[in-house]
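# Commentary on secondary and tertiary structure
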Amino acid sequence: KRRTGMHAEAYAERHLFAPLGIKKQSWRANLAGHTHTGGGLYLTARDTAKLGQLYLQKGQWGDTQVVPEAWVRESLQQPVAFGSQGRGVIGYGYLWWVLSGGTYAAIGRWGQYIFVMPEQDLAVTVFSLPLTGEDQDKPIEMLYDHIIPAASFRR
């Protein structure tokens, strides 16, 4: 807010949501009106998919560079590495989970997932019922067991 003079929601409305054609959203804020930028953003599945497509296109939407390509690259690095082997989550960037095989994901609290797979030129959004316990890994299992093989086959 100090840098832009606007709360994060107003800034995002002007510089992110409007260029993407996102007209309906809700974002949690504290009592002082400061947006909870680490989560609490409510979008439709279709609008959530636009965020995945935006990242797949390195921040570009149509002819407009909505998010700087350098920021997209930096946000997908993994300053937190989990050292996991095999498939699944291996690290964490700036609000993006880094998965094995060059895939990354935004994972919402109540079972919303955005999977971005640059090698397959594919972004996938999954909305489900709230997932807990072992079920939280089901969308990632579906990604590796079904979506990536199907996308790889079509290429």
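The notes below deal with the structure included here.

### Concerning the overall build of the protein chain
For the protein chain, the count of helices and strands is four helices and 10 strands. Beginning at the N terminus, the succession of helices and strands in the protein chain can be written as α-β-β-α-β-β-α-β-β-β-β-β-β-α. Overall, the protein chain is about 45 × 40 × 30 Å in size when its C-alpha atoms are taken along their principal axes. Relative to all contacts within the protein chain whose residues are 6 or more apart in sequence, the contacts with residues 24 or more apart total 34%. When the accessible area of the protein chain is evaluated, it comes to approximately 9800 Å², of which 53% is carbon and sulfur surface. Charged side chains of the protein chain number 16 positive and 13 negative; the gap between the two group centres comes to 8 Å.

### Quick word on the sheet that holds strand β5 (residues 80–81)
What the six strands build is an open sheet, ordered β5-β6-β7-β8-β9-β10; its pairing is antiparallel. Of all strands in the sheet, those with a lone pairing partner are β5 and β10 (122–127), marking the two edges. With three bridges connecting them, strand β6 (residues 89–92) and strand β7 (residues 97–99) associate as antiparallel partners. In the sheet register, tyrosine 92 faces β7, and the bridge partner there is tryptophan 97.

### With respect to the nonpolar core
Counting residues in hydrophobic clusters, the biggest one holds 19 residues, and the most contacted among them are Tyr55, Leu76, Trp96, Tyr104, Ile114 and Val116. Of all the secondary structure elements, the ones that give two or more residues to this core are α1 (8–20), α2 (45–56), β8 (103–107) and β9 (112–117). Residue contributions to this core peak at four residues, all from α2. Apart from residues lying up to four places away in sequence, isoleucine 114 is in contact with Thr48, Leu51, Gly52, Trp96, Tyr104, Ala105, Ala106, Val124 and Thr125. Leu99, Met117, Val124 and Ile148 belong to the second-largest nonpolar core, a separate cluster that totals 13 residues.

### Considering the pairing of β9
In terms of burial, β9 is largely enclosed, as five of its six residues are buried. Turn length for the β8-β9 hairpin, with the two strands adjacent in sequence and antiparallel, is four residues, and the turn residue glycine 111 shows positive phi of about 95 degrees. As defined by bridge partners, β9 adjoins β10 across six bridges and the pair is classed as antiparallel. Across the sheet, the residue bridging to tyrosine 113 is valine 126, located in β10.

### So, α1
At arginine 14, α1 shows its maximal kink, close to 40 degrees. Of the surrounding elements, those touching the buried residues of α1 are β1 (26–27), β2 (41–42), α2 and β3 (60–61). In the segment just after α1, glycine 21 is the residue with positive phi, at about 75 degrees.

### Overview of the side chain of serine 75
You can see serine 75 is positioned in helix α3 (residues 69–75). Judged by its relative accessible area of 0%, serine 75 is buried. Side-chain polar atoms of serine 75 contact the side chain of tyrosine 55, separated by 2.9 Å.

### Considerations on the side chain of aspartate 47
Examined against the element boundaries, aspartate 47 turns out to sit in helix α2. Taking the relative accessible area as the measure of exposure, aspartate 47 reaches 8% and is therefore buried. In this view, aspartate 47 contacts Ile22, Lys23 and Lys24; residues no more than four positions away in its chain are not counted.

Definitions and limits used
- All residue numbers here refer to positions counted from 1 along the written sequence of the relevant chain.
- Thresholds applied to this predicted model are a pLDDT of at least 70 for local features of residues and 80 or more for the giving and counting of side-chain atom pairs; totals over whole chains, interfaces and linings are not thresholded and use all residues.
- The side-chain values count all of the structure's non-hydrogen atoms but skip hydrogen atoms and water molecules.
- The way it works is that DSSP assigns letters per residue, a run of H or I at least four long becomes a helix, a run of E at least two long becomes a strand, and they are numbered from the N terminus.
- A contact between two residues is defined here by any heavy atoms of the two lying within 4.5 Å.
- Here the Shrake-Rupley method, with its probe set to 1.4 Å, supplies the accessible areas, and only the displayed protein chains count as covering residues.
- We score Asp and Glu as negative and Lys and Arg as positive, and we do not count His or the chain ends.
- To locate a charge, take atom NZ for lysine, CZ for arginine, CG for aspartate or CD for glutamate.
- Two strands pair under a simple rule: DSSP has to find at least two bridges between them.
- Think of a nonpolar core as a cluster: buried Ala, Val, Leu, Ile, Met, Phe, Trp, Tyr and Cys residues, connected wherever their side-chain atoms sit within 4.5 Å.
- When accessible area is computed with a 1.4 Å probe and restricted to protein chains, residues below 20% of their type maximum are described as buried, those above 50% as exposed, and intermediate ones as partly exposed.
- In this analysis the local bend is the angle between axes fitted, respectively, to the seven residues ending at and the seven residues starting at the residue.
- What qualifies as a polar contact is a pair of N or O atoms within 3.5 Å, subject to a donor-acceptor requirement within protein and to the restriction that residues adjacent in sequence count only when both atoms come from side chains.

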